[in-house]
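# Notes for the structure review
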Amino acid sequence: MLTKSRCSLQYWTSRGIAVLDVNYGGSTGYGREYRQRLDGNWGIVDVDDCVFGARYLVSRKDVDGARLTISGGSAGGYTTLCALTFRDTFKAGASYFGVSDLEALVRDTHKFESRYLDRLVGPYPQQRQIYQQRSPINFSERLACPMIFFQGLEDRVVPPNQTEAMVTALRTKGVPVAYVAFEGEEHGFRKAANIKRSLSAELYFYSRIFNFEIAQPVEPVVIENF
């Protein structure tokens with residue numbers, strides 16, 4: 001699987017799941033040119049790097065191409081949704097408070113992050129067409145693989161309506177989907193119990209989708225259309 005943060009790596013690897021932790025174009029620590037690869041290309045460069053990394057591992061026969069998953073939070077959630085909507089490499093995924101509608105993000109997010117997309121996508125509304133073209137919610141008919149969503153209901157950076165729109169679209173299409181919402185959580189889960197719950201729910205989801213047993217029982221999550 002491709003995962004959202006290093007803090008969860010041990011959780012997955014200790015359960016026998018291979019993880020590719022991608023520092024896609026735009027990441028810091030690799031020089032200015034590498035960081036600027038994402039300028040104007042959010043939803044393209046990041047997705048390419050994740051897809052190509054996964055395909056490379058499949059070509060080496062290090063992983064099973066039929067059981068590739070992708071998971072990400074916030075901006076990584078957007079990458080996850082784009083990868084699952086616009087590409088066909090991954091077979092399931094998890095979005096943690098991910099962006100599904102770039103236009104809605106411009107309108108709804110808090111002031112501190114309201115101009116980030118000028119650099120990552122383009123000035124709005126002048127480049128409105130690009131915002132629409134790169135918003136997974138506008139192409140939900142292309143998304144046909146199982147997904148689980150996690151969302152803090154007090155999130156002001158990526159409000160719940162971003163997640164709930166995708167959940168509704170998948171529910172209507174009949175695609176297997178699960179939604180776990182947390183009261184009192186904002187952007188990025190802070191309560192230990194909720195972090196634990198989200199990881200175990202994601203694992204449970206994959207175990208049902210890919211039909212494998214979990215060594216230790218975890219609390220089930222409702223999967224619609226399954």
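What this report covers is the structure whose coordinates are included nearby. Here the structure is a predicted model, which means the values were calculated and not measured.

Criteria and thresholds
- Residues numbered from 1 in each chain as written.
- Predicted model: local features only at pLDDT ≥ 70, side-chain atom pairs only at ≥ 80, totals over all residues.
- Heavy atoms only, no water.
- Pairing = 2+ DSSP bridges.
- Helix = DSSP H or I, 4+ residues; strand = E, 2+ residues; numbered from the N terminus.
- Axes fitted to C-alpha atoms, helices over the stretch in contact; angles between N-to-C directions.
- Contact = heavy atoms within 4.5 Å.

Taken together, the four strands give an open sheet; going across it, the order is E1-E2-E3-E4, and neighbouring strands pair in parallel fashion. The open sheet has two edge strands with one neighbour each: strand E1 (69–73) and strand E4 (177–182). Adjacent strand axes in the sheet meet at a mean angle of 10°, parallel and antiparallel pairs treated alike. Here E1 runs beside strand E2 (residues 92–96); their pairing, made up of five bridges, is parallel. When the sheet's bridge partners are listed, Gly-72 is paired in E2 with Ser-95. Along the sheet face, helix H4 (residues 75–86) touches E1, E2 and strand E3 (147–152) and points at about 150° away from the line of E1. Packing of helix H8 (residues 160–173) onto the sheet brings it into contact with E3 and E4, and relative to E3 it is tilted by some 155°.

With that settled, consider the environment of Leu-170. Relative to the helices and strands, Leu-170 resides in helix H8. On a C-alpha basis, the gap between Leu-170 and Pro-146 in space is 8.6 Å, while along the polypeptide they are 24 residues apart.

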